[in-house]
2 protein chains.
Amino acid sequence: MKRDLDRLMAERNLDGFLVMGEGHGPVMKYLTSGGFFEGALLLKPRGEEVTLVHGMMERDTAAATGLRTVNREEHFNGYELLKEFKGDRLAANAAYLARAMEMMGLRGRVGVYGLQDAGATMALMSKVQEMIEEIEVVGEYGETLFSQAFVTKDDAELEILKRAGRLTCAVVGEVQAFIQEHAVGRDETVLKAGGDPLTIGDVKEFMRGSLHAKGLAEDHGTIFSQGRDAGVPHNSGDPSMPLQLGRSIIFDIYPTTEEGYFHDMTRTWSLGYASDEVQAAYDQTKEIFDRVMSELALGRPTREYQLMVCDFYEAQGHRTVRSHPGTEEGYVHSLGHGIGLEIHEGPRFSHAQGEETLLQPGHVVTIEPGLYYPNRGYGVRVEDAVAFNEAGELIWLTDYPYDLVVPMRG
Amino acid sequence: MKRDLDRLMAERNLDGFLVMGEGHGPVMKYLTSGGFFEGALLLKPRGEEVTLVHGMMERDTAAATGLRTVNREEHFNGYELLKEFKGDRLAANAAYLARAMEMMGLRGRVGVYGLQDAGATMALMSKVQEMIEEIEVVGEYGETLFSQAFVTKDDAELEILKRAGRLTCAVVGEVQAFIQEHAVGRDETVLKAGGDPLTIGDVKEFMRGSLHAKGLAEDHGTIFSQGRDAGVPHNSGDPSMPLQLGRSIIFDIYPTTEEGYFHDMTRTWSLGYASDEVQAAYDQTKEIFDRVMSELALGRPTREYQLMVCDFYEAQGHRTVRSHPGTEEGYVHSLGHGIGLEIHEGPRFSHAQGEETLLQPGHVVTIEPGLYYPNRGYGVRVEDAVAFNEAGELIWLTDYPYDLVVPMRG
């Protein structure tokens, strides 16, 4: 949580941090509640407040963040820096960073964060390190200051995530009703009023309108895949494919609110009826989903749930990522992930070596078991997002029926 | 242009490149025509084709790019790497990068690119460099391989950019018509049917619907600011502010197509009538805009146009960024910038030291002179995007009337 930043810095022996780069990256969004133009910086010595260094043209937006602000042009005018460094942009920008850190009183070990081109980071940071001796510029990997802050949400963030869940479920409901309005042709193809087949592209078009009307954005696309394609987890669906009865459809939707927070949920549908094989795979998946959900509890290792799902599926004769790493059939992924300002963040639900996370208050996670058989023409997955609030209560963020079969007219 | 990559690599003495990081970054989009999930890599030895290393779950999307593909799980299974490195994610991922580079035959000087957390890049790249001796990992800054490739568009990209311009102008036209449908109250406030004032928030809401209907996305917001707020270039407008007659409105819109390409244009409007002062500032701005446009020519330095605008405005008694670096009044920014997969890319139109760009075929740029007087309650700006195609012809991408005064009913 945001309020843990000083503690997390102390645990890492960091005396301060610097956030730079692409203004719409998750860390910049987290600290400014909205994002910023290029060239903005966020700086914080441990125990002190965050300062936003912003371009002159963004001074109103900067003031609206409520952060302490510094107008870049007043102190680090870009034209003058370029003159000082004879047109060398690398040196001029490194000097900007070095001087901003000095001005904010940063010294000692300073962690650097923010979404930025990898090569630019390497060039810039080695130049900055040359320029200032009293600072050690530190790059963290994996469990970083911000990934650790992100991993637990405070109740204010949880309110946004709850709204994201409600709105997303409403969109899924509208999409289901839209499909159900259609007639079915004699070859079991779903038909539009004019007699043309209703395609995945048509469904996505309708869905985008529904998302838009609710103020949600589709940052990373949406998966609506049918039949064999549903058997490939991240196949987002062929827009030209007509909807047909009796085929598994995976509808995995992960939109963002205007604040940038994601919801993430999946339903598997089979229009009209389901084949015995798909129904059986779905029933197994729903059974282990329910079991995991009923056993989610604070203090338990996330790894255990993934192992529980592997045990269950393997006992039913399926391959899993544990029994067959890299398998394309059976249970091919890990059980879930955190959601927040990133679609995939901590905690992980993986059986991988080194995974030692325990469930704790503030975790907001997806649980998404599934079975994939592309060569048999299907895949199934069920996914809800749930949270532990600050008081440690389990809160369900996804509230939508689980019926596999979507009845069609006639 | 994409076809220049080998030449640009040779000019930089690069034997290959590696692109990693956030899958939806501009370089990843450029090479895959769409973007990718985390953990994907793009690798290319100079003179050879690009290879995409992708997650098993993305194998269909990977195949659709038409690139040579490698399924990560088959060669660099994440679970096995973590086991090998005893749960150390940094070492496991560095080994993934090192082995992928080795497998693709990368050696010598390898440039690294892609949007990624700055600290993660530092940690990862120094670990990778420790692991492989036959490669020198190179971070470029400023005029990099990709910023240089991006700066000239081929005619196929130009077709997308033309469409972006047509659609954006259509949205601006719908927004103008929407405003003009409204009545005006006795205090010169624009009114909705029920008698409530029409606000900037209402206009943006309408605009979002119009963008959506045309398949455009609002990646970085939109500026629709009135009066004093129009005097602060990146103030995006107060949603609660009612529209009023006779105040300058800056409407700066920069949406993206589904391919990720930006358009960028600005109109200044004054509803009903304009004050003499705003009209005069606007006329000056339109005059220098027209002069710059009529003089745009291949081979000329972009710097000259910025100097021409500073000369002009200073002669009219305004401060400029040249005469008063950091000024908040007068002409406060540079004349324009390139657009493409990024909203701000090369070429620059700046008078800054070291700026030596000459206009060339493939450049796609905005030209946007403006005057800002927040303390006098206004700002004005005119911005069109234009391109030089591969044959060197000047192509106008923005086609929309320049009238300052938007007539209102009654």
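Quick note: structure is the one above.
Notes on the structure follow.

A word on the side chain of Arg-381 of chain B
Residues and elements named next belong to chain B. By the secondary structure assignment, Arg-381 is in strand β17 (residues 378-381). Engagement of the side chain of Arg-381 in a polar contact is seen with the side chain of Tyr-372, the distance being 2.9 Å. Contact partners of Arg-381, with chain neighbours within four places excluded, come to Ile-223, Pro-233, Ile-250, Asp-252, Thr-266, Arg-267, Thr-268, His-333, Glu-368, Pro-369, Gly-370 and Tyr-372.

Section: the relation of the copies chain A and chain B
After a rotation of 180° and a shift along the axis of 0.0 Å, chain A superposes on chain B with an RMSD of 0.0 Å. Viewed as a symmetry operation, the transformation between the two copies matches a two-fold axis. Taken together, the interface assignments show that 100% of the residues at the interface of chain A recur at the interface of chain B, consistent with an identical surface on both copies.

Brief notes about the packing of aromatic side chains
Enumeration according to the criterion identifies 28 aromatic pairs over all chains in this entry. Ring centres 5.6 Å apart and planes at 55° place the aromatic pair Phe-289 of chain B and Tyr-402 of chain B in the tilted group. Residue Phe-289 of chain B is located in helix α11 (residues 276-295), and its partner Tyr-402 of chain B is located in the loop between β19 (394-396) and β20 (405-406); the two are separated by 113 residues in the primary sequence. Pairing Tyr-373 of chain B with Tyr-378 of chain B gives two aromatic rings, centres 5.7 Å apart and planes at 45°, and the pair type is tilted. Here the two residues Tyr-373 of chain B and Tyr-378 of chain B agree in accessibility, since each one is buried. Within the aromatic cluster, the residues linked to one another by ring pairs are Phe-17, Tyr-30, Tyr-113, Phe-146 and Phe-150 of chain A. Over the ring of Tyr-30 of chain A we find Lys-2 of chain A, and its NZ or CZ is 5.0 Å from the ring centre.

A closer look at the packing of helix α11 (residues 276-295) of chain A against helix α12 (residues 302-315) of chain A
All names here are of chain A. Contact geometry of α11 with α12 gives a least axis separation of 10 Å together with a crossing angle of 150°. The orientation of α11 with respect to α12, classified from their angle, is roughly antiparallel. The handedness of the crossing between α11 and α12 is right-handed. Contact residues: α11 offers Gln-284, Thr-285, Glu-287, Ile-288, Arg-291, Val-292 and Glu-295, while α12 offers Tyr-305, Met-308, Val-309, Phe-312 and Tyr-313. For the contact of α11 with α12, the per-class residue count stands at 7 nonpolar, 2 polar and 3 charged.

A few points about the sheet that holds strand β11 (residues 248-253) of chain B
Residues and elements named next belong to chain B. Overall, mixed pairing links the 4 strands, which are arranged β10-β11-β12-β20 in an open sheet. Each of the sheet's edge strands pairs with one partner strand only, and the pair in question is β10 (223-226) and β20. Sheet analysis places β10 next to β11, joined by 4 bridges and oriented antiparallel. Note on β11: the bridge partner recorded for Gln-226 is Ile-249. The sheet strands contacting helix α9 (residues 155-180) are β10, β11, β12 (265-271) and β20, and the helix crosses β12 at an angle near 10°.

Side note on the sheet that holds strand β2 (residues 41-45) of chain A
Strand pairs in the sheet, formed through backbone hydrogen bonds, run parallel or antiparallel to each other. All names here are of chain A. With respect to topology, 6 strands assemble into an open sheet ordered β4-β3-β2-β1-β5-β7, the strand pairing being mixed. Lying at the two open borders of the sheet, with one neighbouring strand each, are β4 (68-71) and β7 (135-138). Neighbour-to-neighbour, the strand axes of the sheet open up by a mean angle of 25°, direction not taken into account. The pairing of strand β3 (residues 51-54) with β4 spans 4 bridges and is classified as parallel. If you follow Leu-52 over to β4, its bridge partner there is Thr-69. Where helix α7 (residues 118-131) meets the sheet, it contacts β5 (108-113) and β7, and its direction lies at approximately 165° from that of β7.

Calculation criteria
- Residues numbered from 1 in each chain as written.
- Chains lettered and ligands numbered in written order.
- Predicted model: local features only at pLDDT ≥ 70, side-chain atom pairs only at ≥ 80, totals over all residues.
- Heavy atoms only, no water.
- Helix = DSSP H or I, 4+ residues; strand = E, 2+ residues; numbered from the N terminus.
- Polar contact = N/O pair within 3.5 Å; in protein donor to acceptor, adjacent residues only side chain to side chain.
- Contact = heavy atoms within 4.5 Å.
- Least-squares fit on C-alpha atoms with pLDDT ≥ 70 in both.
- Phe/Tyr/Trp six-rings, centres within 6.5 Å; stacked < 30°, edge-to-face > 60°.
- Buried < 20%, exposed > 50% of the residue type's maximum accessible area, 1.4 Å probe, protein only.
- Lys NZ or Arg CZ within 6 Å of the ring centre and 35° of its normal.
- Axes fitted to C-alpha atoms, helices over the stretch in contact; angles between N-to-C directions.
- Parallel < 35°, antiparallel > 145°, perpendicular 65-115°, else oblique.
- Left-handed = near helix turned anticlockwise from the far one by under 90°.
- Nonpolar A, V, L, I, M, F, W, Y, C, P; charged D, E, K, R; others polar.
- Pairing = 2+ DSSP bridges.

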